[in-house]
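# Commentary on secondary and tertiary structure
This is what each chain is made of:
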Amino acid sequence: QEELLGGDHIDVAGTLQNMAQVKKHSDLTESLALYEKSLAIIVGIYGHNHQNVADTLHQMGGVQLGMKKHAEAIDTYHQALEIYSSLLGPSHPDVAATMTYIGQALEKSGKEAEAEGFFQQAVEIWDSMGAR
């Protein structure tokens, strides 16, 4: 596919993400590398402030969390949160979900009080949508 379309084509990025998703079950290091390569393509096409960028960052944060790289996961999730908030607004379900994952990463790194704040913000968003 890369030969046919070129290394910077959106379909190549999608295939890399599919491969990364599969690798999540067997090789987190390889999964993260595939997501990083996909992210570089997506940023090159759309720029940094795009939902596909946020979605990819969100997936990368999950891999980092699985690798117990909590500080990296927190940073990656924060990047996704910033994009989601700016594009979708502060009360969107993707914002709430990302806040929940930030809370989980904080909790796993021993920052329970900070985690609680993120969990509470997520609950407030869910409540405002009548989702709880």
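What you see is a predicted model; the values in this text were computed from it and never measured. (Residues numbered from 1 in each chain as written. Predicted model: local features only at pLDDT ≥ 70, side-chain atom pairs only at ≥ 80, totals over all residues. Heavy atoms only, no water.)

## Considerations on the environment of Gln104
We apply this condition: Runs of E in the DSSP output that reach at least two residues are strands. Runs of H or I that reach at least four are helices, and both are numbered from the N terminus. Any two residues whose heavy atoms approach within 4.5 Å at even a single point are treated as in contact.
Relative to the helices and strands, Gln104 resides in helix H6 (residues 93-108). Note: C-alpha distance between Gln104 and Phe118 (14 residues apart in sequence) is 8.9 Å. For Gln104, the contacting residues outside a window of four places in its chain are Leu65 and Phe119.

## Some thoughts on the environment of Glu112
Here is the rule: The buried label applies to any residue whose accessible area, calculated with a 1.4 Å probe on protein chains only, is under 20% of its type's maximum; exposed applies above 50%, and partly exposed to all values in between.
The residue Glu112 is located in helix H7 (residues 112-128) in this model. Accessibility expressed as a relative area gives 46% for Glu112, which makes it partly exposed. Separated by 81 residues in the primary sequence, Glu112 and Ser31 place their C-alpha atoms 28 Å from one another.

## Notes on the packing of aromatic side chains
Within a pair of aromatic rings, the relevant descriptors are the distance that separates the centres and the angle that separates the planes. Put simply, the rule is: Aromatic pairs are defined between Phe, Tyr and Trp rings, using the six-membered ring for Trp, whenever the two ring centres lie within 6.5 Å; interplanar angles under 30 degrees are classed as stacked, those over 60 as edge-to-face, and all others as tilted.
Scanning the entire structure with this criterion turns up 1 aromatic pair. Centroid distance Tyr77 to Tyr101: 5.6 Å. Interplanar angle 15°. Geometry classified as stacked. Pair noted here: Tyr77 is in helix H5 (residues 70-88) and Tyr101 is in helix H6, with a separation of 24 residues, a long-range link. Under the relative-accessibility criterion, Tyr77 is labelled buried at 1%. Residue classification places Tyr101 among the partly exposed positions, given a relative accessible area of 33%.

## Side note on the packing of H6 against H7
Going by this rule: Axis angles are defined between N-to-C directions and span 0 to 180 degrees, where every axis is a line fitted to C-alpha atoms and, for a helix, only to the segment in contact. Note on terminology: angles under 35 degrees are roughly parallel, angles over 145 are roughly antiparallel, angles of 65 to 115 are roughly perpendicular, and the others are oblique. By definition, any crossing whose near helix is turned counterclockwise from its far helix by less than a right angle is left-handed, and any crossing with a clockwise turn is right-handed. We call Asp, Glu, Lys and Arg charged. Ala, Val, Leu, Ile, Met, Phe, Trp, Tyr, Cys and Pro are nonpolar, and the rest, Gly among them, are polar.
Interhelical geometry of H6 versus H7 gives an angle of 160° and a closest axis separation of 8 Å. On the basis of the axis angle, H6 is roughly antiparallel to H7. H7 is crossed by H6, and the crossing has left-handed handedness. Side by side, H6 and H7 meet where Pro93, Val95, Ala96, Ala97, Met99, Thr100, Ile102, Gly103, Gln104, Leu106 and Glu107 of the first sit next to Glu112, Glu114, Ala115, Phe118, Phe119, Gln121, Ala122, Ile125 and Trp126 of the second. When the residues that make up the contact of H6 with H7 are grouped by side-chain class, the tally is 13 nonpolar, 4 polar and 3 charged.

## A few points about the side chain of Thr56
Rules: Polar contact criterion, stated in full: a pair of N or O atoms within 3.5 Å, where within protein one must be able to donate a hydrogen and the other to accept it, and residues adjacent in sequence count only if both atoms are side-chain atoms.
Inspection of the secondary structure assignment puts Thr56 in helix H4 (residues 51-66). Given a relative accessible area of 0%, Thr56 falls into the buried group. At 2.5 Å, the side chain of Thr56 and the side chain of Gln17 are in polar contact. Residues contacting Thr56, with those up to four places away along its chain left out, are Gln17, Tyr35, Leu39 and Ile42.

## Concerning the nonpolar core
Heads up, the condition is: For the purposes of this section, nonpolar cores are sets of buried Ala, Val, Leu, Ile, Met, Phe, Trp, Tyr and Cys residues that join through side-chain atoms within 4.5 Å.
Of all hydrophobic cores here, the largest spans 34 residues; its most connected members are Val53, Leu57 and Met99. Apart from the residues lying within four places of it in its own chain, the contact partners of Met99 are Leu81, Phe118, Gln121, Ala122 and Ile125.

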